[in-house]
Structures are given as structure tokens and as C-alpha cells.
Amino acid sequence: MISSRNGLARLQQRLEGRRSFFRYASGSSRARYKAIELDEAELKLFSLLNRVKPDSDIRIAGGWVRDKLLGKTCEDVDIALEDETGAVFSKALLAEYNRLEGSAAQAVTLSARPDQSKHLETTMFTLYGKSIDAVHLRKESYTENSRVPAEVHFGTPQEDSNRRDFTINALFYNLRSEKIEDFTGRGLRDLENGILRTPVDPLTTLGDDPLRLLRGIRFACQLGFELEDDFKSAARDERIHAALERKVSRERVGNEIKKIFTSKRVSTGLRLIEEFGIGGCVFSEGSFQGMPGRVFAVEKILAEAEKVAADEWLNSLVSAAFSKSTDREVERVVVEKLRWSRTIAKAALSILRRSGHLAPLVENGLPEDPIDLKYWFYKSKSDSWIPELALVRLATGAPHPLLKEMQEMVEQEDALTGVGMKPLLRGDVIARRLGGGRIVGIAIDQMIKWQLRNPGTQAKDAEEWLETFASERGIAGKLLTPVEQLY
């Protein structure tokens, strides 16, 4: 064990020389994916891990290896240990870290809680800005009625690899040998070829934990990978469908579906759900009918925009997905089945309503009068317009206006000034002057448009406008109370 700061510095320098590395355990040189680039935090962390257990094989597992080989950043580091639990190892690791850094980092050990699908004691902590989980290599066995393993034992790297969901998630980086280990023999090849394959028979993998069916769909959406044919065959099996309903909580299902909806290939995920015959299980038969096509159409529309914010993307596609559903069905599926927040359901319904009001403005392209667009924003009480325009285009099949064209008009005309604008005269003031009736609503609408067309006007200006409006229609009388006293 290295016993000084200088020793740690020497070890870090040794790793620094391998900041960019790819070493395959078999010695193969065939890999065409990106070399792993270690950031400063990873250099420090790996140096510290080797310092604490220099004679043991400490492995970084799963998602970190996959993402690094794909050239992506990864802030989550899963440590896999051969000969001790995460709690024991973390105690020694944090003691050394605190001694060297003069800090007081602490670990949180979560006990196994089968009732919450937490089947293994896990130790979590943060070092150098990285979120770290430490667990031992393991093998597991399952029962017919639960995705929580009935038994968990210390295992070999091979056994730990075989229990994982996909070969690309079963790769290890061995800190001592500085090699990537592929115990399935197919993980690196599948990563290179963009294939999602289970380490063992997919009927076994999906039967043990049917959530892996949805995880596979989600990875296909996030990574743009193809699900392997045997996986697809197993995914169509009614026994797996029954296990999905029996073993997996609605919260877990909803979490995976939300990740699909925040990916850039949502329609791909929905078409796979349709292909596998689980649309009714995940959503409902009524709401899912036609959903993949609607979402695909809106994805194409959103592709016209240079940039779509994450919340606009999600709101647009959720609204498209449920555009043929009743309000009650939206609430039932989104809140009760997917266990998403009621806020998402309300946002979807609001967008659907606003899109109905926008449709007449854009049925022939961009609005002829920019004031009409400002007025729509005023009535909407929201600065959202991308989801609404996408839904109008979906409903009408019209190719215009394009999102870019609309964006230019919104910016050039400063259309968002209508959002949150306060009318200069209250409705009851106008009603008192005009004597009530339908004319009051007409006056309010016209006054708002006048106000939008003439920014900077004051209450007295609005009073004069109202008098002109009344006189032009032959309405006798006048506003007796000074406007300033009415507010």
C-alpha cells in the first residue's frame, strides 16, 4: 500500500499517462469505438481506489464503461468488489480519502429492503464530484412472483456479468490490470455493432426481471441501438407480458416510459411497445391506439426547429400521445397507471386546449396580423407555443407554418409581450359604461388588441378609447367615476 502523498502523486502520474486508453482483456486490437478519456476526477478516484486495495481486482462496472466507450460523460461510478462488501470497503476508502484530503466525506449504506425492490445492501457516497455505488460481485436467483432476487451470494465476474440485463452493460474496467473485461464474450462486439443482447437466454433474463423488457426499449431509444432478434421473440411472449404485470410496480413502469419520452426517439419506443403487444399493459388499449403514429408525426415537426427545450419536447409528445383521449382518460393513464405527476397531465390537457384556439390563426400559414398572435398569447397565459403548433399541424395535416417561420414571427413581433399583460380597464368598468350585454365582451377583446397595438398607454388613454368605442355605436352616457379611483 502506498503510504504518502508523494506515492499517490506517482500513481496518479502513471494513470495520467493513460488518460486515453483502450485495452481489451483478450489483447484484441479490432475495436473501432472511442478510446476512453479519463477526466481529472476519475484520475484522482482511480488512484485512490488502487491505493486502498493495490493487490485486489477492483472493477468499474456497467454503465460507466459503456458510456465512456461511446465517448459520453458519466458522473455515476459503480464499483464491483470481489472479496468484501461495499460497506466494509467504503469504510477504508473514505478513511484514506479524508486523511489525504483533510475532508470529512461520509458514506450512506442502504440496507436490503425487498418490499421496495432493494434486494442488496448498497453503499453510496460522493468523491471528487462523482456519485459512487460500491457492491460486491454477485450471483442471484429469482422466484416466479417477484423481480427481487430470492437469494444473493458473492459471485465471480462471470456470474456477475451473466446476471446483467445486456452484454453492453456487462463490461468491466479492471483498475489493477488496466484492461476492459468482457466476460460475456460479446459485449464489445455488440457495442461496436449497436446491438442490445442479453448475456443469457432472453426468456430467462426477462422472466427473472420483466422490467428489462422496458429497459431494452429505453436503451434502443437513448442509444439508437437495435434489439437482437431473440430478445424480440421473448418480448412477444405472453408469459413475459404476464410477468411484467405481476412482478413490476407501476412506478417502475412509469419511470422507464418517462425516460423513453425524454429521449430523441420516442416513436421508436412506442412502435416497439406496439410490436411486442404491451401497449394496453403500459398505457391502456384505448389511449394507445394510434399513439406511435401521432408521436412520430410530431417528432418530424419538432425536427424543423433548431432547438427545442427539454420541457417543450416532453410536453409536445405527451400531448400528441394523448390527443385522442378524453380528459378523464389522460388523468387515469398518466397519473394512475404511469404514476407521473398530475402536473404533467394538466400540462398536456392545457396544451390541447390552447392548440384548439391557435388552429384558426394558422390554418392558412402565419397569422396575417401579428396582433392576433399577441392576443393568443394573452389569452393563453403562457409563453408556450411549440407544442400547440405541432398539435395543430398534426390535427390538420397542414405543412405550414414551419416552426422556424413561427419562431421568427414571435421574436420579430415581440409576441410574448401578451403573456401576463394586465388590462388597463376591468370588465366591470367597461360593463358599467356600456350597460351590459354581449357588447361588453366585444369591447374587452378589442380593447386588449388596442392595448397590445399601443404599448405604453395608460388608464386615461383606455378611458378615451372606451368613450370612442361607445360613441361609434351610439351608446349614450359617460364613465362617471375617474378610472384612477377604480383601481
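Residues numbered from 1 in each chain as written. Predicted model: local features only at pLDDT ≥ 70, side-chain atom pairs only at ≥ 80, totals over all residues. Heavy atoms only, no water.

### Concerning the overall build of the chain
When its secondary structure is counted, the chain shows 24 helices and 13 strands. Put simply, 66% of the contacts in the chain that link residues at least 6 apart link residues at least 24 apart. If you sum the accessible surface of the chain, you get close to 23,000 Å²; carbon and sulfur atoms cover 47% of it. (Helix = DSSP H or I, 4+ residues; strand = E, 2+ residues; numbered from the N terminus. Contact = heavy atoms within 4.5 Å. Areas by Shrake-Rupley, 256 points an atom, 1.4 Å probe, with all protein chains shown as cover.)

### Description of the pairing of strand 6 (residues 122–127)
Where strand 6 lies against strand 7 (residues 130–136), five bridges are found, and the strand directions are antiparallel. Pairing of Thr 123 across the sheet is with Ala 134, part of strand 7. Turn length for the strand 6-strand 7 hairpin, with the two strands adjacent in sequence and antiparallel, is two residues, and the turn residue Tyr 128 shows positive phi of about 55°. (Pairing = 2+ DSSP bridges.)

### Quick notes on the side chain of Glu 312
By secondary structure assignment, the location of Glu 312 is in helix 16 (residues 310–321). The buried charged residue Glu 312 lacks any salt bridge partner; its closest oppositely charged side chain belongs to Arg 354, at an N-O distance of 9.2 Å. Ignoring anything within four residues of it in the chain, the contact list for Glu 312 reads Ile 386 and Pro 387. (Buried < 20%, exposed > 50% of the residue type's maximum accessible area, 1.4 Å probe, protein only. Lys, Arg positive; Asp, Glu negative; His and termini not counted. Salt bridge = Lys/Arg side-chain N within 4 Å of Asp/Glu carboxyl O.)

### Quick word on the nonpolar core
Formed by 110 residues in total, the largest nonpolar core has its most connected members in Leu 127, Phe 261 and Phe 283. Here this core takes eight residues from helix 8 (residues 211–223), the largest share from any one element. Excluding residues within four positions of it along the chain, Phe 283 makes contact with Ile 257, Phe 261, Leu 270, Ile 273, Phe 288, Met 291, Phe 322, Val 333, Lys 337 and Leu 338. Counting residues in hydrophobic clusters, the runner-up holds 20 residues, among them Met 421, Met 447, Ile 448 and Leu 452. (Core = buried A, V, L, I, M, F, W, Y, C linked by side-chain atoms within 4.5 Å.)

### Thoughts on the packing of aromatic side chains
For the structure shown, the criterion picks out 14 aromatic pairs. Between Phe 283 and Phe 288 the ring centres are 5.6 Å apart and the planes differ by 15°, which places this aromatic pair in the stacked class. There is no split in this pair, since Phe 283 and Phe 288 are both buried. Three or more aromatic residues joined by ring pairs form one cluster here, namely Phe 46, Trp 64 and Tyr 173. (Phe/Tyr/Trp six-rings, centres within 6.5 Å; stacked < 30°, edge-to-face > 60°.)

### Some words on unusual backbone geometry
Along the chain, His 400 connects to Pro 401 via a cis peptide bond; the corresponding omega equals 0°. Note on placement: Pro 401 falls in the loop between helix 20 (386–396) and helix 21 (403–412). One non-glycine residue with positive phi stands out, namely Arg 339, at about 60°. Take Arg 339: it is sitting in the loop between helix 17 (327–337) and helix 18 (342–362). Here the phi dihedral of Lys 381 falls at roughly 60°; this positive angle occurs in a residue that is not glycine. One can find Lys 381 in the loop between helix 19 (370–380) and helix 20.

### Examining the confidence of the model for the chain
Any region with low pLDDT has predicted coordinates that should not be read closely. Mean pLDDT over the chain works out to 88, with 87% of the residues at or above the 70 mark. Ignoring residues within four places in sequence, the model shows residues 1–12, a span with pLDDT below 50, making 21 contacts including any to other chains. Here residues 112–118 is a poorly scored stretch, pLDDT under 50, and it has eleven contacts once near neighbours within four places are set aside; other chains count. (pLDDT = per-residue confidence, 0-100.)

### A closer look at the pattern of salt bridges
Taken as a whole, this structure holds 37 salt bridges when the rule is applied. Where Glu 304 meets Arg 393, a salt bridge forms, and the shortest distance between an N and an O atom there is 2.7 Å. Highlighted residues: Glu 304 in the loop between helix 15 (291–302) and helix 16 and Arg 393 in helix 20, separated in sequence by 89 residues. Note on accessibility: Glu 304 and Arg 393 belong to one class, buried. The residue Arg 426 makes a salt bridge to Asp 428 at a minimum N-O spacing of 2.9 Å.

### Some words on helix 21
Those residues of helix 21 that sit buried are Leu 403, Met 406, Met 409 and Val 410. Take helix 21 and look down its axis: the buried residues cluster within an arc of 125°, on one side only. The exposed residues of helix 21 that point more than 90 degrees off its buried face are Glu 411 and Gln 412. Positioned one or two residues after helix 21, Asp 414 has a phi angle of 50°, which is positive. (Arc of directions from axis to C-beta.)

### Section: the environment of Met 406
Positionally, Met 406 belongs in helix 21. In this structure Met 406 comes out as buried when scored by relative accessible area, which is 0%. Those residues within four positions of Met 406 in sequence are excluded, and the remaining contacts are Leu 358, Val 362, Leu 366, Leu 373, Trp 385 and Leu 389.

### Quick notes on the packing of helix 15 against helix 20
Relative orientation of the contacting elements helix 15 and helix 20 amounts to 120°, with a least axis distance of 9 Å. Viewed along their axes, helix 15 and helix 20 adopt a mutual orientation that is oblique. As for how helix 15 packs across helix 20, the hand of that crossing is right-handed. For the pair helix 15 and helix 20, contact is made by Arg 294, Ala 297, Val 298, Ile 301 and Leu 302 and by Ile 386, Ala 390, Arg 393 and Leu 394, respectively. A per-class count over the contact of helix 15 with helix 20 returns seven nonpolar, no polar and two charged. (Axes fitted to C-alpha atoms, helices over the stretch in contact; angles between N-to-C directions. Parallel < 35°, antiparallel > 145°, perpendicular 65-115°, else oblique. Left-handed = near helix turned anticlockwise from the far one by under 90°. Nonpolar A, V, L, I, M, F, W, Y, C, P; charged D, E, K, R; others polar.)

### Details of the environment of Arg 197
With respect to the helices, strands and loops of the structure, Arg 197 is situated in the loop between strand 12 (195–196) and helix 7 (202–208). Under the relative-accessibility criterion, Arg 197 is labelled buried at 19%. Along the chain, Arg 197 and Thr 167 lie 30 residues apart, while their C-alpha atoms are 5.9 Å from each other. Contacts of Arg 197, omitting those with residues within four sequence positions, involve Asp 165, Phe 166, Thr 167, Arg 186, Asp 190 and Glu 228. Among the polar contacts listed, one links the side chain of Arg 197 to the side chain of Asp 190, at a separation of 2.9 Å. (Polar contact = N/O pair within 3.5 Å; in protein donor to acceptor, adjacent residues only side chain to side chain.)

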